[in-house]
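One letter stands for each residue in the lines below.
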Amino acid sequence: MTQYSHPKYGTVLRAPDSAFANLPDYPFAPNYMEVDGLRLHYVDEGTADKGTIFLMHGQPSWSYLYRHMIPQFVAAGYRVIAPDLIGFGKSDKPAEAKIYSYQAHVHCISRFVEQLGVTGADAFFQDWGGMIGLRVMEQHPTWIRRMAVANTALSDVKGPMAFALPNILRLMRLFAGKPSISDLAAKQNYGNWAGYFKHAGKIEIGKVMQILTTKTLTTAERAAYDAPFPDSRYHVATRVMPQIVATQLKEAQGAWTHLRQSQVPTLVLFSDKDPFLAGQGIDAQFKALPGAAGQPHAEIRNASHFLQEDAGADLSRRVLHWLAAGAERRAA
């Protein structure tokens, strides 16, 4: 374990390199960038012959989630960049909960994008990867030229509902009590999700990922999801993020306004067995965007929330076909 004191962030934890040794199907060399004094890890593979693709993960996963998709994009001629959010993966993990605000994550990825200097890229946004990335797009309009959104959301509420939503989620969490991993497996909803991460004495990410996939993860794959968190002190970000879903609703509205005024081509790929988002109409919100008109959207069958695990090859194929078709239209 590495631990150091930062004048702004207090105690910061860093998982040892040995924790990530011999992870199955994750041979990628580590890359690091200092962002406001914290070390952020990212995968950076391939050449940009066809362009650059950003792969954005959410909670409680990390760039390991994209291990099967990265090689397919690289083989097709793309540079692939997959950052680990602060508090996740190989990135630094401040020990104080207040560090992990929604705005802080947006700011960090915004600074990452600025320092990397890549514009005109494509993106695959899932879970918090979309909630954060879509707001970064508003701040950096030239960053992303085309995007695929998959099992993600961005609050689009105002008026009385903007006041009610945080209270509704708080009550759902309160009524869930202190759910165990078994409770979460039995019923996947917001209350059990937020309650588990808030109260569990031992958070088991590998088991959580198995609950939210339809395929069977190997013992080594489940261990790889646990690797960034050697002990409970590392789990601050995983505990905080479910609690802050309905924060910064005004800022999310700003991102929606930007999306509705843009023509960014948008591909919507939601799965049919996502216990949180399937059947909620959230995919329809994305399909209503100007850039989504006429695009080959698809429901990913027999896939749960982490559809990268369940249908990574299919997702890569669909995205690559879509990107190639767009390139052909521009060349015509």
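Relevant structure appears above.
Residues numbered from 1 in each chain as written. Predicted model: local features only at pLDDT ≥ 70, side-chain atom pairs only at ≥ 80, totals over all residues. Heavy atoms only, no water.

> So what's going on with the overall build of the protein chain? Residues and values would help.
Check the secondary structure of the protein chain and you find twelve helices and eleven strands. Here the C-alpha radius of gyration of the protein chain, 19 Å, is about what a compact globule of 332 residues would show, namely 20 Å. When burial is assessed residue by residue, the protein chain has 55% of its 332 residues classed as buried. Restricting the contact set of the protein chain to residue pairs at least 6 apart, pairs at least 24 apart contribute 75%. Taken as a whole, the protein chain presents about 13400 Å² of accessible surface, with 53% of it coming from carbon and sulfur. In the protein chain, the 34 positive side-chain charges and the 29 negative ones have mean positions that sit 4 Å from each other. (Helix = DSSP H or I, 4+ residues; strand = E, 2+ residues; numbered from the N terminus. Rg over C-alpha atoms; globule rule 2.2 N^0.38 Å. Buried < 20%, exposed > 50% of the residue type's maximum accessible area, 1.4 Å probe, protein only. Contact = heavy atoms within 4.5 Å. Areas by Shrake-Rupley, 256 points an atom, 1.4 Å probe, with all protein chains shown as cover. Lys, Arg positive; Asp, Glu negative; His and termini not counted. Charge placed at Lys NZ, Arg CZ, Asp CG, Glu CD.)

> Can you lay out helix α4 (residues 160-176) for me, pointing to particular residues and giving the numbers?
With 17 residues, α4 extends 25 Å between its outermost C-alpha atoms, agreeing within 8% with the 24 Å of an ideal straight helix rising 1.5 Å per residue. For α4, the set of buried residues is Leu-165, Leu-169 and Arg-173. Projected down its long axis, α4 carries its buried residues within an arc of 60 degrees, all on one side. Exposed positions of α4 whose direction lies more than 90 degrees from the buried face are Pro-160, Phe-163, Leu-174 and Phe-175. Against the buried residues of α4 lie α6 (190-199). Gly-177 lies just past α4 and shows a positive phi near 70 degrees. (Expected span 1.5 Å × (residues − 1). Arc of directions from axis to C-beta.)

> Quick rundown of the packing of aromatic side chains? Include the residues and the values.
Using the criterion set out here, one finds 16 aromatic pairs in the structure. By way of ring pairs, the aromatic residues Phe-20, Tyr-26, Phe-28, Trp-62, Tyr-64 and Tyr-225 are connected into one cluster. (Phe/Tyr/Trp six-rings, centres within 6.5 Å; stacked < 30°, edge-to-face > 60°.)

> Tell me about empty space enclosed by the protein, residues and numbers included.
The probe, sized like a water molecule, is rolled over the atoms to show the empty space still left. For the structure shown, the criterion picks out one cavity of 30 Å³ or more. In this structure, the largest cavity occupies an estimated 40 Å³ of space. Lining the largest cavity, in full, are Ile-53, Asp-122, Ala-123, Phe-124, Ala-148, Val-319, Trp-322 and Leu-323. Those elements that provide at least two residues to the lining of the largest cavity are β8 (121-126) and α12 (307-331). Its residues placed into classes, the lining of the largest cavity shows seven nonpolar, no polar and one charged. (1 Å grid on protein atoms, 1.4 Å probe; cavity = no way out; pocket = protein on both sides within 12 Å on 5 of 7 lines; lining within 4 Å. Points joined across faces, edges and corners; volume = space filled by probe spheres on them. Nonpolar A, V, L, I, M, F, W, Y, C, P; charged D, E, K, R; others polar.)

> I'd like a rundown of the sheet that holds strand β1 (residues 2-6), residues and numbers included.
Read across the sheet, three strands follow the order β1-β2-β7 without closing on themselves; strand pairing throughout is antiparallel. Two strands in the sheet have a free side with no partner beyond their single neighbour: β1 and β7 (93-94). Relative to β7, strand β2 (residues 10-14) runs antiparallel, the two sharing two bridges. Note that in β7 the partner of Leu-13 across the bridge is Lys-93. (Pairing = 2+ DSSP bridges.)

> If you had to explain the nonpolar core to someone new, which residues and values would you point to?
Among the nonpolar cores identified, the biggest contains 107 residues, and Phe-54, Phe-125 and Met-147 are the most heavily contacted of them. Those residues within four positions of Phe-125 in sequence are excluded, and the remaining contacts are Met-56, Gly-130, Gly-133, Leu-134, Met-137, Trp-143, Ile-144, Met-147, Ala-148, Val-149, Ala-150 and Thr-152. Membership of the second largest hydrophobic core comes to five residues, among which are Leu-165, Leu-169, Ala-194 and Ala-246. (Core = buried A, V, L, I, M, F, W, Y, C linked by side-chain atoms within 4.5 Å.)

> Tell me about the side chain of His-140, residues and numbers included.
Turning to its location among the elements, His-140 is positioned in the loop between α3 (128-139) and β9 (144-150). Since its relative accessible area comes to 17%, His-140 is described here as buried. A distance of 2.6 Å separates polar atoms of two side chains, one belonging to His-140 and the other to Ser-110. Non-local contacts of His-140, meaning those with residues more than four positions away in its chain, are made with Ser-110, Val-113 and Glu-114. (Polar contact = N/O pair within 3.5 Å; in protein donor to acceptor, adjacent residues only side chain to side chain.)

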